[in-house]
Every structure is written in C-alpha cells, then in structure tokens.
Amino acid sequence: MRSLLLAASQNRWLRDHATHYSFVRGTVSRFMPGETLNDALDAAEALRNKKIGAVFTHLGENVEDRSEAQQVTEHYLEVLKGIQERGVQAEISVKLTQLGLDLSPVLCFEHLTAVIEHAPKDSIVWVDMEASNYVDVTLDLYCRALKAHPNVGVCLQAYLHRTKDDLEKLLPLRPSIRLVKGAYNEPPEIAFPRKQDVDENYFELGKRMLRAKKENTCVRAAFGTHDAKLIRRLADFASSEGFAKKDFEVQMLYGIQRAEQERLASEGCTSIVLVAYGSYWYPWFVRRLAERPSNLWFMIRNVFAA
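Because the structure is predicted, anything quoted here is derived from the model rather than measured. (Residues numbered from 1 in each chain as written. Predicted model: local features only at pLDDT ≥ 70, side-chain atom pairs only at ≥ 80, totals over all residues. Heavy atoms only, no water.)

**Q** So what's going on with the pattern of salt bridges? Which residues, and what values?
**A** For the structure shown, the criterion picks out 22 salt bridges. Here E262 ties to K50 by a salt bridge, and the two come within 3.0 Å at their closest N and O atoms. Remark: K50 occurs in the loop between helix 4 (37-48) and strand 1 (53-58) and E262 occurs in helix 11 (residues 258-266); sequence separation between them is 212 residues. Overall, the relative accessible area of 35% leaves E262 in the partly exposed class. (Salt bridge = Lys/Arg side-chain N within 4 Å of Asp/Glu carboxyl O. Helix = DSSP H or I, 4+ residues; strand = E, 2+ residues; numbered from the N terminus. Buried < 20%, exposed > 50% of the residue type's maximum accessible area, 1.4 Å probe, protein only.)

**Q** Describe the packing of aromatic side chains, naming the residues involved and giving the relevant values.
**A** For the structure shown, the criterion picks out two aromatic pairs. When the ring of Y202 is compared with that of F223, the centres are 6.4 Å apart and the planes differ by 50°; the resulting orientation is tilted. A residue pair is termed long-range when its members are at least 10 positions apart, and Y202 in helix 9 (residues 195-214) and F223 in strand 6 (residues 220-224) qualify at 21 residues. Taking the relative accessible area as the measure of exposure, Y202 reaches 0% and is therefore buried. Here the aromatic rings of F223 and F248 are separated by 5.8 Å at their centres, their planes lie at 35°, and the arrangement is tilted. One end of the pair, F223, is in strand 6; the other, F248, is in the loop between helix 10 (228-240) and strand 7 (249-253), with 25 residues separating them in the sequence. By the burial criterion, F223 is buried, and F248 matches it. Chaining the aromatic ring pairs together yields one cluster made of Y202, F223 and F248. (Phe/Tyr/Trp six-rings, centres within 6.5 Å; stacked < 30°, edge-to-face > 60°.)

**Q** Tell me what's going on with the side chain of S176, and back it up with residues and numbers.
**A** Mapping S176 onto the fold places it in strand 5 (residues 176-180). There is a polar contact of 3.5 Å between the side chain of S176 and the backbone nitrogen of R220. Sequence-distant contacts of S176, that is, excluding residues within four places in its chain, are made with I124, W126, Y142, V152, G153, V154, V219 and R220. (Polar contact = N/O pair within 3.5 Å; in protein donor to acceptor, adjacent residues only side chain to side chain. Contact = heavy atoms within 4.5 Å.)

**Q** Hey, could you go over the nonpolar core for me, with residue numbers and the actual values?
**A** F56, I92 and V275 are the most contacted members of the largest nonpolar core, which has 80 residues in total. Once residues within four sequence positions are removed from consideration, I92 is found in contact with V55, F56, Y76, V79, L80, I83, V115, I124, V125 and W126. In this structure, I124, W126, I256 and I272 belong to the second largest nonpolar core, which totals nine residues. (Core = buried A, V, L, I, M, F, W, Y, C linked by side-chain atoms within 4.5 Å.)

**Q** Outline the environment of S279, supporting the account with residue identities and numerical values.
**A** Relative to the elements of secondary structure, S279 occurs in the loop between strand 8 (270-277) and helix 12 (282-291). Sequence spacing of S279 and T36 is 243 residues, and the spatial spacing of their C-alpha atoms is 8.3 Å.

**Q** I'd love a proper account of the environment of A221, names of residues and values included.
**A** In this structure, A221 sits in strand 6. Residue class for A221 comes out buried when judged on its relative accessible area of 2%. Between the C-alpha atoms of A221 and R178, which are 43 residues apart in sequence, the distance is 6.2 Å. Not counting chain neighbours up to four residues away, the residues in contact with A221 comprise I177, M209, K213 and E249.

**Q** Which residues make up helix 8 (residues 163-170), and what values do they have?
**A** All of the buried residues along helix 8 are T163, D166, L167 and L170. The buried residues of helix 8 occupy an angular sector of 100° when the element is viewed end-on, so they sit on one face. Relative to its buried face, helix 8 has exposed residues pointing more than 90 degrees away, namely K164 and K169. Against helix 7 (135-148), strand 4 (152-157), strand 5 and helix 9 lie the buried residues of helix 8. (Arc of directions from axis to C-beta.)

Below you can see the structure in the form of structure tokens.
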C-alpha cells in the first residue's frame, strides 16, 4: 500500500485530476486548514490557545521558473511579516526545490539567505529534506547557511541508511535538527524497506540528538513523528537524561493525533504543529497517506459520506 501511494504521489495525471474530486478535497481539509496564508495564521491562533506552536509550510516543490522561485521567496517574507503582525507563535519550513534549487544552487542559496535574514533571530527557519538525490546539495547549502546564520535548521530522514553519518557530520556545527521517518519512494540500497528497521533507526538517531543537545552540540532536537509509542520511548529516554519537559520537542502534522498534541502541551512538553497550506497539495497529501496508510480509510469513508 505504501509503495502504491508513493507512486501515486508522483503521477502527473492523478495530480491534475484528483484535486477536482470533492471527496479528495474533503479528506485534505483534515490535514490543512485551507489554501491561504490567513487560513494558516488563523490555525496558529487556535493552536496558541492550546499552548501549541506552529510551523508554516507553503506547499509546492520542483519550481522550474526563476520568476516563480522569486515569488515563493517573496511569499515567505510576507509569511514572516504576517506572523509578526498577528503575534502568533510560528516558524516557517521551506523546500529548497521551491526556492529554485533545480534551476541553480547559487540562486536557491540567495533566496534561502533572504528568508533567513528576515526571520527573527530567536526562531528557526527549517529546511525540509526531499528525495535522496537532493540530500547532498541540501546539506551543503544548509551548512553554508548555518555558518552565517544560527537560526536555521534542517530535516533528516530516519529511513535513509546514510543519516547516522550525516548527523555526526552536522553536530560540530551546532545545528537544529528535525528528525522524520521519510516519505519518498526509495530503493532498499538507499532506505530501510522494513518499518521496524526505520523505527529502530529513528530511536537511535533520536537518542544521539538528545545527547548532543545535552552536550550543547545540537541547538534544537525536534522529533517529527505521530508514532505515540516512539514518542514515549524518546520521552522516557529524555527524562532519564535529566531533560526538563519543555526541552522535549515533538512536531506533528495539522489534524493528526490532535489528542496527543494536546497531551504533550498540557504536560509541559514543546508541542508544535506543521501547518501546510496552498493549492499545490496533491503530492504532499498522498505522501502523508503513505506515511500513515490508515488515513486512506478516512478518505474512503468520505467517498460514501459524500
């Protein structure tokens, strides 16, 4: 099921047609508050009332036009302005291919730098990780940005065999890291094919990140997962290492595991929700289904409820 969904996320015909079906759009509304920045800001205000923070991401990837990459950059500057004006507790997360990476790493770096320089110094601009063929250039640009701007973080994917080594290479730079499982269709020589292997690698990487945070070689150690069992394992480890509740950070997607998001916040942990918005939601949405195929049944129920 996961492989089929990941293949579907890359299918251009499905991308062009599926978005027109009301039952698909109805399901998507569970995972994103709307398509506009104001929708995202409204969601962040509601989350703030529950002591939950937000990370905004404007959906889109693989931009192939320079003017479009510039427009995306300018949009994120507007996002930062909107966050400040509304006074919400929110950061942003960007995809480098949306900032023009496929056009030119130099151009992409200029756009990334512009965004980071406009962000508050006490917040993080998160750099998303994309498919495995982008890992090297993403880490290269991230390291260059981090040397000049400490308020930038990067996403690492636990399903990749290489991530343990990537983490060790990053730690001397005092990075901020969000660890996720991974949501692209990768061959077994690149990524662990079995879920239990991904989960165990995630736990080991998470422990390393927490130890690094304790040693002050990792500024932010954020865990992007909806796996409640894994969260509890990491929380127990953090407690055994003497971490305060507020120093244990979990980031989840909007609309998924809401009770767990609120539980973490009520217990004093740092609970963050990734709020995605925009019209280019099809590939992102289907990858979310692949991460958690049980969500597919939610969509099927919407078919019969329509």
